[in-house]
Amino acid sequence: MSHPNETLRDIYDEVLRRNAGEAEFHQAALEVLESLETVVTKHPEYTDSQVIRRLVEPERQIIFRVPWVDDRGVVQVNRGFRVQYSSALGPFKGGIRFHPSVNLGIVKFLGFEQIFKNSLTGLPIGGGKGGSDFDPKGRSTGEVMRFCQSFMTELHRHLGEYTDVPAGDIGVGGREIGYLFGQYKRITNRYESGVFTGKGLSWGGSRVRTEATGYGTVYFVDEMLKVRGESFDGKRVLVSGSGNVAIYAIEKVHQLGGIVIGCSDSGGYVHDEAGIDVELLKEVKDVRRGRISEYADLRPSASFVAQGSLWDLPCDIALPCATQNELDGDHAATLIRGGVSIVAEGANMPCTRVALQAFAEAGVRCAPGKAANAGGVATSALEMQQNAARDSWSFEHTEERLEEIMRGIHDRCLSTADEYGLPGNYAAGANIAGFIKVADAMLALGVI
Ligand code: NDP
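The rules behind these values
- Residues numbered from 1 in each chain as written.
- Predicted model: local features only at pLDDT ≥ 70, side-chain atom pairs only at ≥ 80, totals over all residues.
- Heavy atoms only, no water.
- Helix = DSSP H or I, 4+ residues; strand = E, 2+ residues; numbered from the N terminus.
- Rg over C-alpha atoms; globule rule 2.2 N^0.38 Å.
- Buried < 20%, exposed > 50% of the residue type's maximum accessible area, 1.4 Å probe, protein only.
- Contact = heavy atoms within 4.5 Å.
- Areas by Shrake-Rupley, 256 points an atom, 1.4 Å probe, with all protein chains shown as cover.
- Lys, Arg positive; Asp, Glu negative; His and termini not counted.
- Charge placed at Lys NZ, Arg CZ, Asp CG, Glu CD.
- Disulfide = S-S within 2.5 Å.
- Near = heavy atom within 4 Å.
- Polar contact = N/O pair within 3.5 Å; in protein donor to acceptor, adjacent residues only side chain to side chain.
- Pairing = 2+ DSSP bridges.
- Phe/Tyr/Trp six-rings, centres within 6.5 Å; stacked < 30°, edge-to-face > 60°.
- Axes fitted to C-alpha atoms, helices over the stretch in contact; angles between N-to-C directions.

1. Structural notes on the overall build of the protein chain
- Broken down by element type, the protein chain carries 18 helices and 12 strands.
- Here the C-alpha radius of gyration of the protein chain, 21 Å, is about what a compact globule of 448 residues would show, namely 22 Å.
- Principal-axis analysis of the C-alpha atoms places the extent of the protein chain at approximately 60 × 55 × 45 Å.
- Per-residue burial over the protein chain gives 57% buried out of 448 residues.
- At a minimum sequence separation of 6, the contacts of the protein chain that also span at least 24 residues come to 71%.
- Of the roughly 17,200 Å² of accessible surface on the protein chain, 49% is carried by carbon and sulfur atoms.
- Counting 47 positive and 58 negative side-chain charges, the protein chain places the averaged centre of each group 6 Å from the other.

As structure tokens, this is what we get:
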């Protein structure tokens, strides 16, 4: 830790000791603990009551076997996780990720971040996250369905609209949520819409949920630009990834007058000076479930680059929307040389600590994922509200609520950073504002 407060240092040492080998979780915990130094100086009650020590330890961690049969009749075994991190503000809430890189440390880092993100939205939701090392890539629809059914056969006993409410994440979109919710409904014999968010519109979903994370990230950047008296007009933007978050970030940038000149997947990136054609991108990624290289095959103005990095392209604004630690110190240096002035994390923790340090030194404004990508979970909470009221809001109304929530999160980050003597530091503002709300609830609820 940079300026260690003794208690925070002890807590961090304990995190390292208790969670050996979980590098991403260590990184996420350190980032938050460092921001809390000024808070604990002002408010010793948070350390005296051990709120922080309690908060870094999840309320419950579930690890389970997921056996299923592939199309050849061969039994496959994956591992499932759900980390129920904090229910101080509401039921555990956070997505499910299917990706071969998933392990307990990844789920724990995501769940920990989710506590502060959900708190920042101002809505009554706790934090949690889940997933499996199952790789949906190359699997048939039948295989994905059988895997989801087996996963939910175990997980269902830990869920409930007042207990734990999952949603999607990497590798889990509308199709997977359908299979997971279907199996939950079948086992429990309850049509409990509020137990899952990201549902299809005809079976309890909310308008704008699909678009919410990407749109929300761009709304957040729009607020950052307004603070400087600027707008998206004519800005050159890079968006990494080409999944749910990336696609709708690209769509919203274009609606607000910017131009996205590149996006990517794990196989490489496309450079398209004419601006990414988002309808073609949706066709390639969502309908055909294809690769980003196919986009370049179909678009004369685009080229596909298998080697190298998307971040080599000069831009004004960078939106990393793929995965954790995808943007490192070298990428940051290249982006700074290329003139970047704003970075907003559509993904969770996509920038390494070295990259964030480089951006800070160069005066590049950075929006942390727990603030910039909170539009997804915020709209999930709006989906829960609609389910509870047996209601269905219009696209316009839901998008207005999303925009208003993102503006609120932006302003809360800035005003909290100011209050704690760290003007313009969005990351510290997000961590502190998110923390205080959860910590106060924990103090009020007794030793839990
Ligand atoms: P998707 O599965 O829809 O898309 C993920 C994209 O990122 C794909 O283009 C994928 O490429 C790429 N990607 C994944 N892993 C890697 C990797 N190791 N290297 C390079 N590219 C990679 O996921 P989402 O868009 O839903 O999620 C993206 C990020 O946003 C994640 O960090 C997630 O936690 C975060 N997030 C998502 C929310 C949501 O509502 N969906 C809410 C808040 C945050 P490929 O297909 O080649 O793997």
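2. Description of the state of the cysteines
- The tally for this structure, following the rule as stated, stands at zero disulfides.
- Cysteine Cys 263 shares no disulfide, and the gap to the nearest cysteine sulfur, in Cys 321, comes to 10 Å.
- Of all cysteine sulfurs, the one in Cys 366 lies closest to Cys 351, which takes part in no disulfide; the gap is 5.9 Å.

3. Comments concerning the site of the ligand
- Taken together, 24 residues sit near the ligand, with Asp 169, Thr 213, Ser 266, Arg 291 and Asn 348 positioned nearest.
- Take Asn 244: an N or O atom from its main chain is 2.9 Å from an oxygen atom of the ligand.
- Note that an oxygen atom of the ligand is positioned 2.6 Å from one of the side-chain N or O atoms of Arg 291.
- Across the complex, the protein chains shield 82% of the 890 Å² of accessible surface that the ligand would expose by itself.

4. Let's talk about the pairing of strand β5 (residues 164-167)
- Of the two faces of β5, the one carrying Asp 164 and Pro 166 and the one carrying Val 165 and Ala 167 are both buried.
- Examined bridge by bridge, strand β3 (residues 92-98) and β5 share four bridges and lie parallel to one another. Across the sheet, the residue bridging to Gly 94 is Pro 166, located in β5.

5. Some thoughts on the packing of aromatic side chains
- Counted under the stated rule, the structure contains 17 aromatic pairs.
- Note on Phe 25 and Phe 112: the rings are 5.8 Å apart at their centroids and 85° apart in plane angle, and the pair reads as edge-to-face. One end of the pair, Phe 25, is in helix α2 (residues 23-35); the other, Phe 112, is in helix α6 (residues 104-120), and 87 residues separate them in sequence. Accessibility assignment for this pair places Phe 25 and Phe 112 in one class, buried.
- Judged by centre distance (6.1 Å) and plane angle (85°), the ring pair of Trp 68 and Phe 147 falls under edge-to-face. Taken together, the residues span a long stretch of sequence, with Trp 68 in strand β1 (residues 60-69) and Phe 147 in helix α7 (residues 141-155) at a distance of 79 residues.
- A residue is classified by how much of its surface remains accessible, and Trp 68, at 4% relative accessible area, is buried.
- A relative accessible area of 0% places Phe 147 in the buried class.
- These aromatic residues form a ring-pair network of at least three members: Phe 64, Trp 68, Phe 98, Phe 134, Phe 147 and Phe 151.

6. Topic: the sheet that holds strand β4 (residues 127-132)
- Taken in spatial order, the five strands line up as β1-β2-β4-β3-β5 in an open sheet, and their pairing is mixed. Single-partner strands in this sheet number two, and they are β1 and β5. Averaged over all adjacent pairs, the angle separating strand axes in this sheet is 20°, with direction ignored.
- The pairing of β3 with β4 spans three bridges and is classified as parallel. When the bridges of β4 are listed, Arg 97 appears paired with Gly 131.

7. Notes on the sheet that holds strand β8 (residues 268-272)
- One open sheet accounts for seven strands, arranged β9-β8-β7-β6-β10-β11-β12; its pairing is mixed. Of all strands in the sheet, those bounded by a partner on one side alone are β9 (302-305) and β12 (365-367). Strand-to-strand twist across the sheet, computed as the mean angle between neighbouring axes with direction ignored, equals 15°.
- Where strand β11 (residues 342-344) lies against β12, three bridges are found, and the strand directions are parallel. What sits directly across from Val 343, in β12, is Cys 366.

8. Points about unusual backbone geometry
- If you check the backbone angles, Asn 189 has positive phi at about 60° while not being a glycine.
- For Asn 189, the location among the structural elements is in the loop between α8 (174-188) and α9 (209-227).

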